[in-house]
Amino acid sequence: MAYFHGVYNSEQDTSLTTPVEGSAGLQVIFGVAPIHLSSNPAAAVNTPMLCYSFKECQEAVGYSDDFEKFSLCQSIDASFRVFNVAPVILVNVLDPTKAAHVTENAAASYDVANGQITYDKDYVLLDSLVITNGETTLVVDTDYSAAHDDDGKVVITLISAAAKEAASLSVASTSINPDGVTREDIVGGVDATTGKETGLELVRQIYPKLGMVPGLLLAPGWSQDAVVAAALQAKTEEINGVFDCNTYLDIAADDDGAKVYTDAKTAKETMGAASNHAAVFWPMVAVGDKIYYMSAMAAALTAYNDANNADVPYESPSNKALKITATVLKDGTEVVLDQQQADDVLNANGIITAINANGFKLWGNNTAAYPATTDPKDRWLAVRRFFDWDGNNFIQTYFQKVDKPGNKRLIQSIVDSQNIVGNGYVARDYCAGYQVKFNSDENPVTNLLAGHLTLHTYLAPYIPAEYIENIREYDVTALETALGGE
């Protein structure tokens with residue numbers, strides 16, 4: 001250790017701007033992370049990780065710009081580097097205890113140069129390193145230290161004199177194998193013996209473990225798979241038996257989905273995207289040379305939009321700046337859509353896209369249920385999300401009233417309190433109307449005897465002004481007035 005005597009300066013990297021925070025669009029993201037770069041790889045497996053900053057994400061699950069291998073990272077990047085919005089909940093499904101998820105690197109000899117070894121294997125779990133000098137196994141932090149460099153390679157620094165004196169050392173290790181992760185890992189399940197939950201089954205743990213209600217379920221890089229899409233849609237309703245949320249799905253922008261916009265409708269139907277709690281996106285998007293699934297970028301935009309609207313999801317993310325540089329296919333081929341193509345083929349079939357209108361904008365307001373349904377609460381994404389958010393808030397607010405005497409005072413306190421909340425929404429133009437009633441015809445004595453009270457909420461979130469028409473007509477009278485005589 002250096003010996004200090006005197007006055008010194010030190011510097012640290014400039015901190016990023018503090019993210020805007022909101023929970024209405026809380027993203028719960030499932031996928032694959034470079035956990036070999038995390039601070040504790042074992043803790044980052046099939047566990048919801050709540051993160052409020054890019055640094056926290058790095059420490060929790062690691063980070064890499066290789067979005068194809070490590071799908072979680074595109075949402076980390078979109079949320080914290082593009083939109084700077086927090087928090088997110090990350091669920092990595094890559095599990096080093098699964099044989100398919102790791103690769104064993106056989107022992108090989110490496111030359112020692114300047115007291116270091118540059119290990120040439122990718123995705124190495126540092127705690128798996130086995131370094132030997134003949135018959136002697138080196139001890140971490142005594143004989144050597146190891147760390148990943150900026151390229152993800154492992155640099156082994158020798159500490160002890162004996163290790164430094166060696167001309168070469170033998171190194172073996174275990175690497176994670178992101179290619180070994182399958183859709184079954186994303187969907188997950190419950191172990192019949194241990195009861196351990198994995199993959200999307202972990203949605204159930206979010207509220208009891210973190211005290212937060214999911215807003216958006218995501219699996220960018222996986223949601224284009226019909227099996228994963230079905231599981232995501234199924235998980236949006238009755239979470240913990242009571243809560244509802246939404247999911248963002250992608251149509252594959254390749255031969256497995258649609259490479260031209262006219263094929264997107266068929267691809268949407270093939271993948272089974274039809275829930276009123278789902279939104280579907282096509283194609284992919286790019287920021288420079290980084291390519292993202294649109295669901296990742298759209299979800300970050302949605303959360304950012306909510307956070308800037310007092311954390312109330314009343315405004316559609318459509319026609320908001322998407323902060324991208326291109327819309328692309330999976331192979332990077334640019335897709336140039338005009339408004340007519342976006343409207344007549346994609347939006348008309350419940351598919352959201354992006355168009356360049358003096359900068360790229362997210363474009364589309366319909367849920368995946370459209371055009372099969374035209375019910376406002378099920379067709380319009382903004383309305384659906386407001387319904388779900390308001391219902392979730394009601395449950396959390398009045399849970400404390402459960403099991404109290406079901407008398408008039410209890411009923412009136414709930415009705416009055418919620419109407420005050422609703423009046424605030426109306427006054428702020430979050431919705432056109434909001435009223436809660438206790439209707440006698442909805443509360444027969446048989447229900448009351450069973451301890452069942454029913455309240456009725458009438459609410460009207462505003463419909464997005466999707467179509468603004470300007471009727472123009474030649475004004476003959478004005479011409480006559482301008483040119484007529486006395």
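Here the structure is shown first, and the text comes after it.
A. Seen up close, the overall build of the chain. When you go through the chain residue by residue, the secondary structure sums to 14 helices and 25 strands. Each principal axis of the C-alpha distribution contributes one length, and for the chain these read about 105 × 75 × 60 Å. Relative to its full complement of 486 residues, the chain shows a buried share of 48%. A sequence separation of at least 24 residues applies to 68% of the contacts in the chain between residues at least 6 apart. Seen as two clouds, the 31 positive and the 62 negative side-chain charges of the chain have centres 7 Å apart.

B. The sheet that holds strand β10 (residues 144-148), seen in detail. Pairing in this open sheet of three strands is antiparallel, and the strands run β7-β11-β10 from one edge to the other. The open sheet has two edge strands, β7 (116-119) and β10, and neither has a second partner. Shown here is a sheet whose adjacent strand axes are inclined to one another by a mean of 20°, direction ignored. In terms of strand pairing, β7 meets strand β11 (residues 154-158) through four bridges, oriented antiparallel. For I117, the partnering residue across the bridge sits in β11 and is I156.

C. View of the nonpolar core. If you look at the biggest cluster of nonpolar residues, it comprises 97 residues, and the most contacted ones within it are L90, Y248, I251, W282 and M297. Of the residues forming this core, the biggest block, eight residues, is contributed by helix α8 (residues 294-307). In this structure, I117, V124, L138 and V154 belong to the second largest nonpolar core, which totals 16 residues.

D. Region of the structure containing the environment of N393. Tracing the chain through its elements places N393 in helix α11 (residues 381-398). Note: C-alpha distance between N393 and I414 (21 residues apart in sequence) is 13 Å.

E. Quick look at the packing of helix α1 (residues 54-61) against helix α2 (residues 72-82). Put simply, α1 and α2 touch, their axes get as near as 10 Å, and they point 155° apart. Comparing their axes, α2 and α1 come out roughly antiparallel. For the pair formed by α1 and α2, the contact residues are F54, C57 and V61 on the first element and I76, F80 and R81 on the second. Partitioning the contact of α1 with α2 into residue classes produces five nonpolar, no polar and one charged.

F. Main features of the pattern of salt bridges. Tallied over the full model, the rule gives 20 salt bridges. Two residues, K330 and E68, come together in a salt bridge whose shortest N-O distance is 3.5 Å. Residue K330 is located in the loop between β20 (326-328) and β21 (334-335), and its partner E68 is located in the loop between α1 and α2; the two are separated by 262 residues in the primary sequence. The class for E68 is exposed, based on a relative accessible area of 54%. E315 is the partner of K320 in a salt bridge, and the nearest nitrogen-oxygen pair spans 3.0 Å. A cluster of three or more residues bridged by salt bridges with shared partners is formed by D65, D77, R81 and K290.

G. Here's a closer look at the sheet that holds strand β6 (residues 102-111). The four strands are arranged β6-β12-β8-β9 in an open sheet whose pairing can be described as antiparallel. At either margin of the open sheet sits one strand with a lone partner, and together these are β6 and β9 (136-137). When strand β8 (residues 130-133) meets strand β12 (residues 168-176), the two strands line up antiparallel, connected through three bridges. Following the sheet pairing, T132 is matched in β12 by S170.

H. Inspection of unusual backbone geometry at higher detail. The amide bond that connects A86 to the next residue, P87, takes the cis arrangement and shows omega of -5°. Position of P87 among the secondary structure elements: in the loop between β4 (85-86) and β5 (88-92). Put simply, W282 and P283 share a cis peptide bond, and its omega is -5°. One can find P283 in the loop between β17 (278-281) and β18 (284-287). With a phi close to 55°, N240 is a non-glycine residue in the positive phi region. With respect to the element layout, N240 can be found in the loop between α6 (226-234) and β16 (246-250). Phi is positive for K323, which is not a glycine, with a value near 60°.

I. Structural context of the packing of α11 against helix α12 (residues 408-427). Interhelical geometry of α11 versus α12 gives an angle of 145° and a closest axis separation of 12 Å. Like other packed secondary-structure pairs, α11 and α12 cross with a definite hand, here right-handed. Contacts between α11 and α12 involve F386, W389, D390, N393, F394 and Y398 from the former and I414, S417, Q418 and Y425 from the latter.

J. Highlighting the side chain of R384. Tracing the backbone shows R384 in helix α11. A relative accessible area of 7% means that R384 is categorised as buried. Within the structure, R384 has its side chain in polar contact with the side chain of D378 (distance 3.0 Å).

K. Layout of α12. For α12, which comprises 20 residues, the first-to-last C-alpha distance of 28 Å matches the rise-based estimate of 28 Å (1.5 Å per residue) to within 8%. Taken residue by residue, α12 has L410, I411, I414, V415, Q418, N419, G422, G424 and Y425 as its buried positions. Buried residues along α12 sit against α11 and β24 (431-437). In the segment just after α12, D429 is the residue with positive phi, at about 65°.

Calculation notes
- Residues numbered from 1 in each chain as written.
- Predicted model: local features only at pLDDT ≥ 70, side-chain atom pairs only at ≥ 80, totals over all residues.
- Heavy atoms only, no water.
- Helix = DSSP H or I, 4+ residues; strand = E, 2+ residues; numbered from the N terminus.
- Buried < 20%, exposed > 50% of the residue type's maximum accessible area, 1.4 Å probe, protein only.
- Contact = heavy atoms within 4.5 Å.
- Lys, Arg positive; Asp, Glu negative; His and termini not counted.
- Charge placed at Lys NZ, Arg CZ, Asp CG, Glu CD.
- Pairing = 2+ DSSP bridges.
- Axes fitted to C-alpha atoms, helices over the stretch in contact; angles between N-to-C directions.
- Core = buried A, V, L, I, M, F, W, Y, C linked by side-chain atoms within 4.5 Å.
- Parallel < 35°, antiparallel > 145°, perpendicular 65-115°, else oblique.
- Nonpolar A, V, L, I, M, F, W, Y, C, P; charged D, E, K, R; others polar.
- Salt bridge = Lys/Arg side-chain N within 4 Å of Asp/Glu carboxyl O.
- Left-handed = near helix turned anticlockwise from the far one by under 90°.
- Polar contact = N/O pair within 3.5 Å; in protein donor to acceptor, adjacent residues only side chain to side chain.
- Expected span 1.5 Å × (residues − 1).

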